[in-house]
Amino acid sequence: MTTILRARVAHTPRDPFAGSGALETFDDGAIAFDDAGVIVAIGPYATVAQQHPGARIEDRSECIAVPGLVDTHVHFPQIAVIGAMGLQLLDWLDQRTLPEEAKMADPLHARKTAKRFVNALKANGTTSALVFGAHFPQAQQALFEAADAAGLRISSGLIVSDRNLRPDLHTTPDAAYEASHELKARWHGHNRLRYAVTPRFSVSCTEAMLDVCHTLLQETPDALFTSHVNESPGEIAFVKALFPDARDYVDTYERAGLLGRRSVLAHNVHVSDEELRQLKQTDTAIAHCPSSNAFLASGIFPMVRHVEAGVRFGMGTDVGAGTGLSMLKEGLVAYHVQMIREEGHLLGPAHLLYLATAAGANAIGLQDTCGDFTPGKQADIALIKAPEGSTLEMVLETAPDWEATLGALFTLAREECVIETRVGGEIVFARV
Ligand code: GUN
Ligand code: ZN
């Protein structure tokens, strides 16, 4: 049976960085999908209803429907360190974050954390995410179990590292291979889950560990690769000292065979032109994490250079250096930061919607599955409604057009405004 969801609808089936006309909206709109969650039509409600006479109608005309949000970089063990102020990356890791990640050795704590994390993603309208995992196999197993039960599209994997962290977070290349292999055999391709090979960053990995990551990636079709790159000056200097023969930070991954269409590197704030060329040539994607980059004083993401170089990028909250799980807020921070850059004025509401949805889906290999409402894709939907009496409600009542409406959403709508989240048409979260 076909279901028709009636709402105000906005999505970006085209890339706004490539030209105008990317945003498609319907004031009284409808998304129709079948029992498999596949979108069969989108358009004005009257037209879609006429085309599907026997359909079940769900009237949400008071809501705005946007594609389920896509978070391309978020750490599940780090909810507890959100808001740890006053530190830059390497000190923040040593003093606040790695001690928190060490607590994941306790399976009970890991299970509780994983459940609360996936619930918080859903409550924020996030339907797909590339999740940075945990250093302990049992904790990683807990994340997969919670993500599977939640019905979200999650790619994740065991974090592997063998130097420069706390000793309790280190493993060996052989043990990393065995544990990763076992986890991916169990979870890769299971329902909506995929495996992501995850060395923490080049600072924490020997070449032998990166070689193991290459083996894991090669032996697993459709698995992703994710790590960090070019985030802060102190980190970059550390990498230079650890890899004296490497051309630059990007090369530490490239020489290990870890770049390509399935690779997603977070940050890339301090990137050279040569590195951008290599990222483009290998079709590696970037997770842009604006709130984290400001919070840790890492620097300002050179967005124009990424657009000009043709390097794919989506957005990530990077919790816990990022300031929360809302991809709407992440869009606002991206906007703030790019406005301050000399190039400024690059981003508008359509770009923010694209970056929070379709661009992210493209970055993490889900471009044929979700990210917009094109028929044939899955009905992943976030329904947004302004709480009664809120500032957002006031602004939306008088918004003259969709640019103003979306501008207000990114500026003011947060977790409490997401009233329903669907994955493949199925309700996975409803605010009570
Ligand atoms: N680089 C290595 N680990 C991390 C992390 O947990 N967060 C961020 N922002 N950067 C990292
Ligand atoms: Zn990160």
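Residues numbered from 1 in each chain as written. Chains lettered and ligands numbered in written order. Predicted model: local features only at pLDDT ≥ 70, side-chain atom pairs only at ≥ 80, totals over all residues. Heavy atoms only, no water.

For the rest of this paragraph, the subject is the site of ligand 1. Around ligand 1 lies a shell formed by His75, Gln78, Leu89, Trp92, Leu93, Arg200, Phe201, His228, Glu231, His267, Asp318 and Ala321. Taking Gln78, its side chain carries an N or O atom lying 2.9 Å from an oxygen atom of ligand 1. Interatomic distance of 2.7 Å between a side-chain N/O atom of Glu231 and a nitrogen atom of ligand 1. Of the pockets mapped on this structure, ligand 1 occupies the largest cavity. Sorting elements by how many residues they give to the shell around ligand 1 places helix H2 (residues 89-102) first, with 3 residues. (Near = heavy atom within 4 Å. Polar contact = N/O pair within 3.5 Å; in protein donor to acceptor, adjacent residues only side chain to side chain. 1 Å grid on protein atoms, 1.4 Å probe; cavity = no way out; pocket = protein on both sides within 12 Å on 5 of 7 lines; lining within 4 Å. Sits in = over half its atoms within 2 Å of the grid points. Helix = DSSP H or I, 4+ residues; strand = E, 2+ residues; numbered from the N terminus.)

Detailed reading of the predicted coordinates is not advisable wherever pLDDT falls low. This prediction gives the protein chain a mean pLDDT of 97; 99% of its residues lie at or above 70. Across the predicted assembly, pTM comes out at 0.98 and ipTM at 0.99. (pLDDT = per-residue confidence, 0-100.)

All right, on to the coordination of the zinc ion (ligand 2) then. Coordination of the zinc ion (ligand 2) by the protein comes from His73 (NE2), His75 (NE2), His228 (NE2) and Asp318 (OD), over a distance range of 2.0 to 2.4 Å. Angles of 89 to 168° at the metal separate the 4 donor atoms of the zinc ion (ligand 2), which places the site in the irregular class. Each donor residue of the zinc ion (ligand 2) belongs to the same chain, with the gaps between them written as H-x1-H-x152-H-x89-D. With His73 in strand S5 (residues 69-75) and His228 in strand S10 (residues 224-229), the pair connects residues that are 155 residues apart, well separated along the chain. (Donors = N, O, S within 2.8 Å, 3.2 Å for Na, K, Ca; no water. Tetrahedral: all angles 85-135°; square planar, octahedral: opposite > 155°, others 65-115°.)

Mapped onto the elements, Arg96 comes out in helix H2. Taking the relative accessible area as the measure of exposure, Arg96 reaches 39% and is therefore partly exposed. Taking C-alpha positions, Arg96 is 23 Å from Ile300, a pair spaced 204 residues apart along the chain. If we skip the residues at most four places from it in the chain, Arg96 touches Val81, Ala84, Leu87 and Asp91. (Buried < 20%, exposed > 50% of the residue type's maximum accessible area, 1.4 Å probe, protein only. Contact = heavy atoms within 4.5 Å.)

Let us look at a nonpolar patch on the surface. On the surface, a cluster of nonpolar side chains totalling about 240 Å² of accessible area is made up of Met394, Val395 and Leu412. For Leu412, the location among the structural elements is in helix H16 (residues 402-412). Taking the relative accessible area as the measure of exposure, Leu412 reaches 31% and is therefore partly exposed. (Patch = residues over 30% accessible without salt bridge, like charges linked within 9 Å, V, L, I, M, F, W, Y side chains within 5 Å. Areas by Shrake-Rupley, 256 points an atom, 1.4 Å probe, with all protein chains shown as cover. Salt bridge = Lys/Arg side-chain N within 4 Å of Asp/Glu carboxyl O.)

On to empty space enclosed by the protein. For the structure on display, the rule yields 1 cavity of 30 Å³ or more. The calculated volume of the largest cavity comes to roughly 100 Å³. Around the largest cavity, the lining residues are His75, Gln78, Leu89, Trp92, Leu93, Arg200, Phe201, His228, Glu231, His267, Asp318 and Ala321. Among the residues forming the lining of the largest cavity, the class breakdown is 5 nonpolar, 4 polar and 3 charged. (Points joined across faces, edges and corners; volume = space filled by probe spheres on them. Nonpolar A, V, L, I, M, F, W, Y, C, P; charged D, E, K, R; others polar.)

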